[in-house]
Amino acid sequence: MRKIILWMSVSVDGYMQGPDGELDWQLVDEELHQHFNDELRAMGGFLDGRVTYELMAGYWPTADADPASSPVTAEFAGIWRDMPKIVFSRTMEQADWNTTIVREVVPDEIRELKAQPGGDLVLGGADLAVTFLRHDLVDEYRLYVHPVRLGRGKPLFPTTEMDTPLRLAETRTFGNGVVLLRYDRLDRR
């Protein structure tokens, strides 16, 4: 069965965005970007909210056509275009680049999606992540902790009454100081 992987960059103090939605604090250099490409190439699809999808669609479809793009940037443009994408949105009418629009997160439909053949599914987007967490649909966490303390912004994890036991599966430190913390969810039984 495929897993749903919450894949997020986060500050040391737990924020995924600055107070005005800023992402410019993220330290994505060539080494980290190549790691992303290597990992994402094997995935079965992206699950994004509308805001994340529109942010990605505003740049990646033609990023490899820019002569100033680095090889790793050009490589990701192809990965992003070719990867099946599901965007969860109540307002979008159409989407391009191998994208399906779904109106809402229905837990039974997500479980059916996980049961289909193919690679794991990468979950992105602040609000969508909260919805998947609320419905207890996340199987793995890949947190890329950036060496910055923002002090305010949008926290990655919402307040909840439910605990979620995790098992540390991997750590990796990148040359720019970013640390990958990969956790698998433990079965509650």
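Our subject is the structure that appears above.
Computed from a prediction, not measured in an experiment: that's the story for all the values here. In every chain, residue numbers begin from 1 and rise along the written sequence. With pLDDT at 70 or above as the cut-off, local features in this predicted model cover only qualifying residues; side-chain atom pairs require 80 or more to be listed or tallied, and sums for whole chains, interfaces and linings still use all residues. Excluding hydrogens and water, the side-chain figures rest on all heavy atoms present in the structure.

Q: How would you explain the sheet that holds strand β10 (residues 179-185) if you had to name every residue and give the values?
A: Within a sheet, adjacent strands bond to each other through the backbone by hydrogen bonds, running parallel or antiparallel. Ordered in space as β5-β4-β3-β6-β1-β7-β10-β9, the eight strands form an open sheet in which the pairing is mixed. Among the strands making up the open sheet, the edge pair consists of β5 (99-102) and β9 (166-173). Taken over all neighbouring pairs, the strand axes of this sheet differ in orientation by 20° on average, direction set aside. As paired strands, strand β1 (residues 4-11) and strand β6 (residues 121-124) are joined by three bridges and run parallel to one another. Each residue of the ladder has a partner; that of Ile 5, found in β6, is Val 122. A pair of strands is considered paired only if DSSP assigns at least 2 bridges between the two. Helix and strand assignments come from DSSP, with helices taken as H or I runs of at least 4 residues and strands as E runs of at least 2, each series counted from the N terminus. Every axis in this analysis is a line fitted to C-alpha atoms, fitted for helices over the stretch in contact. Angles between the N-to-C directions lie between 0 and 180 degrees.

Q: Give a detailed account of the environment of Val 122, specifying residues and quantitative values.
A: Along the chain, the position of Val 122 falls in strand β6. Under the relative-accessibility criterion, Val 122 is labelled buried at 6%. Setting aside chain neighbours within four positions, we find Val 122 in contact with Ile 5, Trp 7, Leu 40, Met 43, Gly 45, Phe 46 and Leu 47. Type-normalised accessible area, obtained with a 1.4 Å probe on protein chains alone, sets the label of each residue: buried when under 20%, exposed when over 50%, and partly exposed for intermediate values. Residues are treated as being in contact if the distance between any of their heavy atoms lies within 4.5 Å.

Q: Outline the environment of Leu 113, listing residues and values.
A: Its location among the elements puts Leu 113 in helix α4 (residues 107-115). The buried category is assigned to Leu 113, whose relative accessible area is 14%. Sequence separation between Leu 113 and Arg 2 is 111 residues; the distance between their C-alpha atoms is 8.3 Å.

Q: Let's hear about the packing of helix α1 (residues 30-40) against helix α3 (residues 71-82): which residues, and what values?
A: Two numbers describe a pair of packed helices, the interaxial angle and the distance between the axes. Interaxial distance between α1 and α3 falls to 10 Å at its minimum, and their mutual angle equals 25°. Put simply, α1 runs roughly parallel to α3. Relative to α3, α1 is oriented so that their crossing is left-handed. Here Glu 30, His 33, Gln 34, Asn 37 and Leu 40 of α1 lie close against α3, whose contacting residues are Val 72, Thr 73, Glu 75, Phe 76 and Ile 79. Class assignment for the residues of the contact of α1 with α3 results in four nonpolar, four polar and two charged. By definition in this entry, angles of less than 35 degrees are roughly parallel, angles greater than 145 are roughly antiparallel, angles of 65 to 115 are roughly perpendicular, and the rest are oblique. Rotating anticlockwise by less than a right angle from the far helix to the near helix defines a left-handed crossing, while the corresponding clockwise rotation defines a right-handed one. Only Asp, Glu, Lys and Arg are considered charged, only Ala, Val, Leu, Ile, Met, Phe, Trp, Tyr, Cys and Pro nonpolar, and every remaining residue, Gly among them, polar.

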